[in-house]
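A look at the structure
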Amino acid sequence: MLRHFWIVIICLTIIGLSGAIQAQETTVWQTGEGISSTLFDAQRLLFTINRADDPNAVYIEAQALLGQARTAYTDQLQQTANDYSPEAASAVTEALADAQFALNSENPIAFAAARGRVWANLLWVSYEVVEGTLTAGDINTAQEWLLLREYRQATVVSFVDSSATLAIRAAAEGGSISGETAVLVLNDLRDTYYFRLRDALSELEDAAGEGHTIRAAEWAGQAGGYFQILRADFVQKQGSTSATAVDETFVQMQSDTLEQNWDAVREHIVGVRDLLADYQPVELSPELIAERGRLLYLFLKLVYIEYRDGVRNGAITIPIEYQEATTFLAQARSIYEELRPVIAASDPEAAQSLNELLAAIDTTIHDLGDAAAVQTAVNESLSLVQRTLQVEVNGGDIAATFTVIDTLLDEVIIAAEDGRYAEAERTRIEAYGLFESGPELRLANRAPILSRELEGLFWEGSGGQLGLYTLLDQEADSATLQTTVAAVRVKLAEAETFLGGALTTPLAALNSAIIIIREGLEAVLIIGAILAYMFKTRVQRRFIVWVFAGVVGAIALSIATWFAAETILTITPVQRELIEGITSLIAVAVLFYVTNWLFHKVYVVDWMQFVREQTDRSLNNGRVVGLAVLGFTVVYREGLETVLFYQALLFDAEPAPVLLGFAVGLVFILVVAYAILSLSKRLPLKPLFTITTILLLVLAFSFTGSGVRELQEAGVVSATLLPWFPENLLLMELFGLFPTLETVLAQVIFTALIVLTFTFSRWQGRRETAAATQKPKSQEVHS
């Protein structure tokens, strides 16, 4: 490209001068990130040169950007890099030179590979500088360079307090660096980059399978760079011969990637994985092995569930479910590779079998094979994981659940950044479903405010901050979405810490009592009011039996539904919310009918005439069926959730205090029921009717709001945040008042209908009274 020579030299000179002026104004991590983003911009321009209206101008701009990146490295990072690791510093320089050659040759594939190596080698430099400064006791430099790093989750863009960061911070506060601090920091970094190496191989495998050359080239270059960070430790543990074999495989892998020889690339990936199979950068503690074993078990279990729901008869029916099956499988494979040395140490055959099973699952999913084959392989894998890692299958493993939720939040961000907002929304619902079916059940009684804040952040919003549902519905930009995801993660971390604490015996008993009182009080108030009226008016016993039959049937069906969900059926959290929402609205409809009937009897029909009537004539079979349905719906509405709450509580507490609390709460409920019936005997009939009507109206109003809310959480009804509406937990629990347009509108409509029907009844009563009064007068005149 000699025709551009002088223009390029001028551009580089200008950039060099500006870089020198700004050299002291940027931090290490800002410089590193800046180099990476600048190279990405150059790569994007290089990729579009042949389609540009003015290729010459695009080429000059790309050259200027590359020059800016090289100058930034030379002026701000290279000297320190040379001081602590000339080899790593040279690797960055060579990768930048390869990028220059690729740009000169207008070869975007080679440029992508070089860009991947530049970034990974910058991380290598950072690792070496941190190690050297820790050894020298230079805390400030170690802190500065430690920020230029990656984390296990690549999609988390904000800085987090990793164990390395916390250790350095503690050392800085103490004024000295201990040997333990250095080990902790370097272990954290090696653990991270081994994870990222395996992740890069998986990304390369996917890109090769899809024929995405640019992406494959970048991951191939990056994977090789990650290994260089780990190489010294690898040599110490596995020997120089194995390290040389890995080096040679990576070189050949990058060459075959540039030539788009995908079969060879896949063979190299397998070869690298085999060479790394016995390598463990950090010795895992028994606690960490147990934790990651549970994660492996959970991810494998989710693979089959998502694949079963997403594929039918060899075709993808729900793309997001299929995508999540592949995501969970990738996570399972990554964790397996981390645990493989542990498994192989005790049972080499099991480690090999598990590796083959994972490969078989991958092939079946890729070929859209039979779900039964995936189920069989997954079950065999789960059995091996249980046996070799002594994994205890525990539905209450909250730590594993939080990790899966975090993975799904990553998928939400990725889908939204790609413009796939519908898929991002479905993934958000699944993440919330996992939260609701596990952590929320345990938080609801122990930390209700935190539970509500998380619910709001997943949906319409909380504390003035828009929630994920609202942002995805508005197709918000990536930065806004990531801010809310970060807020969700902060609250999830609080929840995980809170649930990790021990639940004392008194607190367990108190929580148990609160569950039965809170969930059962609404039902007892309604059933008590109905029975008080029926006893007061001395209805036939068979009518009372109908109401009791509805209550008993609801309790039985609640237990049967829970048992079926645990053993036979798959009732997802979304389906459970749908069931609860529908039963709530059915209860509202029945309450609407009952309260109108009561109002009609109290204020429309001549009261003394009604009292003199036989009640069994006014309580006909149709109305009794309505009361039985009401008893059934209000009990079933709370019954299933009550069973789930107690199941969750038993994960945190021993059975004895739970049973004690249940007994105390049940006694309280029975006392309330007795008080209602006793009071009804002392009250005159008309005041009893009035109190009953008001009570049922308030509960129907509450059921309207909570029923619509449950449909929102099932994804059936939208959720629009009302920022001005109070977000008060007491208002939500007592009156179903949630800060969303849909719930408030439903309650306004319910109130308006009550006012209209009651007004109409009064008007109708006055009309009938006037007609009855007028008739005797007319008869008197006639006579």
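Residues numbered from 1 in each chain as written. Predicted model: local features only at pLDDT ≥ 70, side-chain atom pairs only at ≥ 80, totals over all residues. Heavy atoms only, no water.

This next bit is on the packing of aromatic side chains. By the definition in use, this model includes 15 aromatic pairs. Taking the centre distance of 5.4 Å and the plane angle of 70° together, the rings of Phe227 and Phe234 count as edge-to-face. Overall, the relative accessible area of 0% leaves Phe234 in the buried class. On the basis of an interplanar angle of 35° and a centroid distance of 5.7 Å, the ring pair of Phe760 and Trp763 is categorised as tilted. Taken together, the positions of Phe760 and Trp763, both in helix α32 (residues 741–782) and 3 residues apart, correspond to about one turn of that helix. Relative accessible area serves as the criterion here: at 47%, Phe760 is assigned to the partly exposed category. For Trp763, a relative accessible area of 44% corresponds to the partly exposed category. Cluster of aromatic residues (ring-pair linked, three or more members): Tyr194, Phe227, Phe234, Phe250 and Tyr279. (Phe/Tyr/Trp six-rings, centres within 6.5 Å; stacked < 30°, edge-to-face > 60°. Buried < 20%, exposed > 50% of the residue type's maximum accessible area, 1.4 Å probe, protein only. Helix = DSSP H or I, 4+ residues; strand = E, 2+ residues; numbered from the N terminus.)

As for its placement among the helices and strands, Ala486 is situated in helix α22 (residues 478–500). Spatially, the C-alpha atoms of Ala486 and Leu409 are 9.6 Å apart, while their sequence positions differ by 77 residues.

Grouped together as the largest cluster of nonpolar side chains are 74 residues, with contacts concentrated most on Ile35, Tyr73, Phe111, Leu197 and Phe250. It is helix α6 (residues 108–136) that contributes the most residues to this core, 13 residues altogether. With near-sequence residues (within four places) excluded, Phe111 lies in contact with Leu39, Ala42, Gln43, Leu46, Leu66, Ala99, Ala102 and Leu103. One finds Leu284, Ile289, Leu354 and Leu499 within the second-largest nonpolar core, a separate group that totals 73 residues. (Core = buried A, V, L, I, M, F, W, Y, C linked by side-chain atoms within 4.5 Å. Contact = heavy atoms within 4.5 Å.)

This part is about the side chain of Ser558. By secondary structure assignment, the location of Ser558 is in helix α24 (residues 541–567). Here Ser558 falls in the buried class, since its relative accessible area comes to 2%. Polar side-chain contacts of Ser558 include one of 2.8 Å to the backbone oxygen of Ala554. (Polar contact = N/O pair within 3.5 Å; in protein donor to acceptor, adjacent residues only side chain to side chain.)

The pLDDT averaged across the protein works out to 81; a share of 83% of its residues lies at or above 70. Note on residues 1–24: pLDDT is under 50 here. Beyond four places in sequence and across chains, it has 23 contacts. For residues 611–618, every residue scores under 50 in pLDDT, and the model assigns this stretch 11 contacts once sequence neighbours within four places are set aside. (pLDDT = per-residue confidence, 0-100.)

Closest axis-to-axis distance for the helix α19 (residues 439–446)/helix α20 (residues 448–458) pair is 6 Å, and the angle between their directions is 135°. Taken together, α19 and α20 sit at an angle that is classed as oblique. Taking contact as the criterion, the partners of Glu440, Leu443, Ala444, Asn445 and Arg446 in α19 are, on α20, Pro448, Leu450, Ser451, Leu454 and Glu455. Partitioned by chemical class, the residues of the contact of α19 with α20 number 5 nonpolar, 2 polar and 3 charged. (Axes fitted to C-alpha atoms, helices over the stretch in contact; angles between N-to-C directions. Parallel < 35°, antiparallel > 145°, perpendicular 65-115°, else oblique. Nonpolar A, V, L, I, M, F, W, Y, C, P; charged D, E, K, R; others polar.)

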